[in-house]
Amino acid sequence: MRSWAEQIAGLHRLGKEVVLVSSGAIAEGMQRLGWSRRPREIDELQAAAAVGQVGLAQAYESHFNAYQLRSAQILLTHADLAERERYLNARSTLLTLLRLGVVPIINENDTVITDEIKFGDNDTLGALVTNLIEAEALIILTDQRGLYTADPRQGANATFVAVAEAGDPALEVMAGGAGTHIGRGGMLTKILAAKRAAHSGACTVIASGREPDVLTRLAGGEAIGTQLIARTARMAARKQWMADHLQVRGRVVIDDGACAKLAREGKSLLPIGIVKVQGVFARGEVIVCLSPAGQEVARGLTNYSSTEARLIQRRPSSEIEAVLGYMLEPELIHRDNLVLS
Ligand SMILES: Nc1ncnc2c1ncn2[C@@H]1O[C@H](COP(=O)(O)OP(=O)(O)O)[C@@H](O)[C@H]1O
Ligand SMILES: N[C@@H](CCC(=O)OP(=O)(O)O)C(=O)O
């Protein structure tokens, strides 16, 4: 942990933003409770995770402090990323922490989930966070050098895979084969995490956590571990995701100035450019932006509900707080959440 904090501090100095996904809560909780055997009962595992999470956060915080960095704890569930409002909230919290130079440390919120909606392994959680913040790379550190053509613990004739394409079904066979691997962890969840991360255009590296200065060297361009390349470009992938997954809930008519800002300058949609709000929608839902002539200009995830949007339309963002009593975001739709039509 000390070495990772040191390496992440080094990456910060190079201007790189890092989010850390870390498990270890149950193991640390067992230590603190004096349990030598991992319990079978879910409630006891959850209790151990609750006790251990404090220790995990404490340990990271003190290691990062030694390098003048602040850390923050974020506990997530599947539902938090599946529901659009929570998705947007998680996204803006993470992006704000990164902007503030804080290192967010993420784990699953083991207290509130026991069933199949659990992430179950932190590889999947890492991939979802990669998509959430549109990270450039997902780095998964494990106890092997990377992916081999077969489980190196089982057979001696496994050869190392240095580079492959994320999502290639052949990789799933090497990692144990889809459907044959019940339960969590293993190389298969890492291969599937890489496939998921590639949906938003991120590349994945699977490498050994014991490799000295692994993060620093990877950031320096050194080929360590298995690289799983994403075929889709980052922005194209995001647009595809928006186009595929989201249902339109409402419309806003925007003025000519706003149309030009969106279409020609790639800017966000601010409340001041909104002429009319149509339909009923909530924060996090998809709305269409229409020109004064009624043509679709763009669509995207709204930061404000239709009720809020009606109150702040035609107003400068500096007045949002005075009108609503709070300000969620200065934009109605941030350009990262906007797809031009
Ligand atoms: N093709 C493969 N290449 C490398 N490791 C594999 C492969 N198939 C299965 N494994 C196993 O996956 C293990 C890593 O998964 P896991 O123990 O869940 O790691 P972590 O706890 O780091 O997430 C390796 O130690 C190895 O035994
Ligand atoms: N959230 C739990 C378990 C997470 C988990 O199993 O992750 P992994 O190390 O990827 O198998 C913990 O912190 O102990």
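Rules of the game
Residues numbered from 1 in each chain as written. Chains lettered and ligands numbered in written order. Predicted model: local features only at pLDDT ≥ 70, side-chain atom pairs only at ≥ 80, totals over all residues. Heavy atoms only, no water. Helix = DSSP H or I, 4+ residues; strand = E, 2+ residues; numbered from the N terminus. Rg over C-alpha atoms; globule rule 2.2 N^0.38 Å. Contact = heavy atoms within 4.5 Å. Areas by Shrake-Rupley, 256 points an atom, 1.4 Å probe, with all protein chains shown as cover. Buried < 20%, exposed > 50% of the residue type's maximum accessible area, 1.4 Å probe, protein only. Near = heavy atom within 4 Å. Polar contact = N/O pair within 3.5 Å; in protein donor to acceptor, adjacent residues only side chain to side chain. Nonpolar A, V, L, I, M, F, W, Y, C, P; charged D, E, K, R; others polar. Pairing = 2+ DSSP bridges. Axes fitted to C-alpha atoms, helices over the stretch in contact; angles between N-to-C directions. Expected span 1.5 Å × (residues − 1). Parallel < 35°, antiparallel > 145°, perpendicular 65-115°, else oblique. Core = buried A, V, L, I, M, F, W, Y, C linked by side-chain atoms within 4.5 Å. pLDDT = per-residue confidence, 0-100.

Looking at an unreviewed UniProt entry, one finds the protein named PUA domain-containing protein, with Linnemannia gamsii as its source organism.

## Observations concerning the overall build of the protein
A tally of regular secondary structure across the protein gives 13 helices and twelve strands. Here the protein has a C-alpha radius of gyration of 22 Å; the compact-globule value for 341 residues is 20 Å, and the two agree. Dimensions of the protein, computed from the C-alpha atoms along their principal axes, are close to 70 × 40 × 40 Å. Long-range pairs, those at least 24 residues apart, make up 68% of the contacts in the protein between residues at least 6 apart in sequence. With the model as given, the accessible surface of the protein reaches about 17,300 Å², and the carbon-plus-sulfur share is 50%.

## Observations concerning the environment of Ile-272
Its place among the elements puts Ile-272 in the loop between helix H11 (256–265) and strand S9 (274–278). Using a relative accessible area of 38% as the deciding quantity, one classes Ile-272 as partly exposed. Separated by 42 residues in the primary sequence, Ile-272 and Arg-314 have C-alpha atoms spaced 3.9 Å apart.

## Side note on the site of ligand 2
Taken together, ten residues lie around ligand 2, and Ser-23, Ile-26, Asn-107, Asp-110 and Asn-122 are the ones closest in. A distance of 2.9 Å separates an oxygen atom of ligand 2 from a polar atom in the backbone of Ala-25. Asn-122 is positioned with one of its backbone polar atoms (N or O) 2.9 Å from an oxygen atom of ligand 2. The protein chains hide 81% of the 380 Å² of surface that ligand 2 would expose on its own. Among the residues forming the shell around ligand 2, the class breakdown is two nonpolar, five polar and three charged.

## Quick notes on the site of ligand 1
Around ligand 1 there are 16 residues in total, and Thr-142, Tyr-148, Arg-153, Gly-186 and Lys-190 lie nearest to it. The side chain of Asp-143 places a nitrogen or oxygen atom 2.9 Å from an oxygen atom of ligand 1. When ligand 1 is considered free in solution it has 580 Å² of accessible area, and contact with the protein chains removes 78% of it. If one sorts the elements of the shell around ligand 1 by residue count, helix H8 (residues 186–198) sits on top with three residues.

## Quick notes on the sheet that holds strand S7 (residues 226–229)
Taking strand neighbours across the sheet as the criterion, the four strands line up as S4-S6-S7-S5 in an open arrangement whose pairing is mixed. Strands with a single pairing partner mark the edges of an open sheet, and in this sheet they are strand S4 (137–142) and strand S5 (163–165). With direction set aside, neighbouring strand axes in the sheet form an average angle of 20°. Together, S4, strand S6 (203–208) and S7 form the strand contacts of H8, whose direction differs from that of S4 by roughly 175°.

## As for the environment of Arg-13
Among the secondary structure elements, Arg-13 is positioned in helix H1 (residues 2–13). Arg-13 gets classed as exposed once you look at its relative accessible area, which sits at 67%.

## As for helix H5 (residues 84–99)
Taking 1.5 Å of rise per residue, 16 residues should cover 22 Å, and H5 covers 22 Å from first to last C-alpha, within 8% of that figure. Residues of H5 that are buried: Tyr-87, Leu-88, Ala-90, Arg-91, Ser-92, Leu-94, Leu-97 and Leu-98. Backbone geometry just after H5 places Gly-101 at a positive phi near 80°.

## Here's the deal with the packing of helix H6 (residues 122–133) against H8
Packing of H6 against H8 brings their axes to within 8 Å, and their N-to-C directions diverge by 10°. In terms of axis orientation, H6 runs roughly parallel to H8. Packed against H6, whose contacting residues are Asp-123, Thr-124, Ala-127, Leu-128, Thr-130 and Asn-131, the element H8 presents Gly-186, Thr-189, Lys-190, Ala-193, Arg-196 and Ala-197 at the interface. Of the residues that constitute the contact of H6 with H8, the class distribution is four nonpolar, five polar and three charged.

## Some details on the sheet that holds strand S11 (residues 296–301)
Strand order in the open sheet formed by five strands is S9-S8-S10-S11-S12, with mixed pairing between adjacent strands. For this open sheet the edge positions go to S9 and strand S12 (338–340), each flanked by a neighbour on one side alone. Direction aside, neighbouring strands of the sheet carry axes that sit 25° apart on average. Relative to strand S10 (residues 286–290), strand S8 (residues 248–254) is paired through five bridges, and the arrangement is parallel. Bridge assignment links Gly-250 to a residue of S10, and that residue is Ile-287. Strands S8, S10, S11 and S12 of the sheet are contacted by H11, whose axis makes an angle of about 115° with S8.

## Description of the nonpolar core
With 24 residues, the main nonpolar core has Ile-8, Leu-20, Ile-26, Tyr-60, Phe-64, Val-103 and Val-214 as its most contacted residues. Elements with a minimum of two residues in this core: H1, helix H2 (25–33), helix H3 (42–65), strand S3 (103–108), S6 and helix H9 (214–219). With six residues, H3 is the single largest residue contributor to this core. In contact with Tyr-60, not counting residues within four places along its chain, are Met-1, Trp-4, Leu-20, Ser-22, Ser-71 and Ile-105.

## Notes on the confidence of the model for the protein
Chain-level pLDDT for the protein is 90 on average; 93% of the residues reach the 70-or-more range. In the predicted structure, residues 178–184 sits below a pLDDT of 50 and forms seven contacts with residues beyond four places in sequence or in another chain. Taken over the whole predicted complex, pTM reads 0.79, whereas the ipTM for its chain interfaces reads 0.94.

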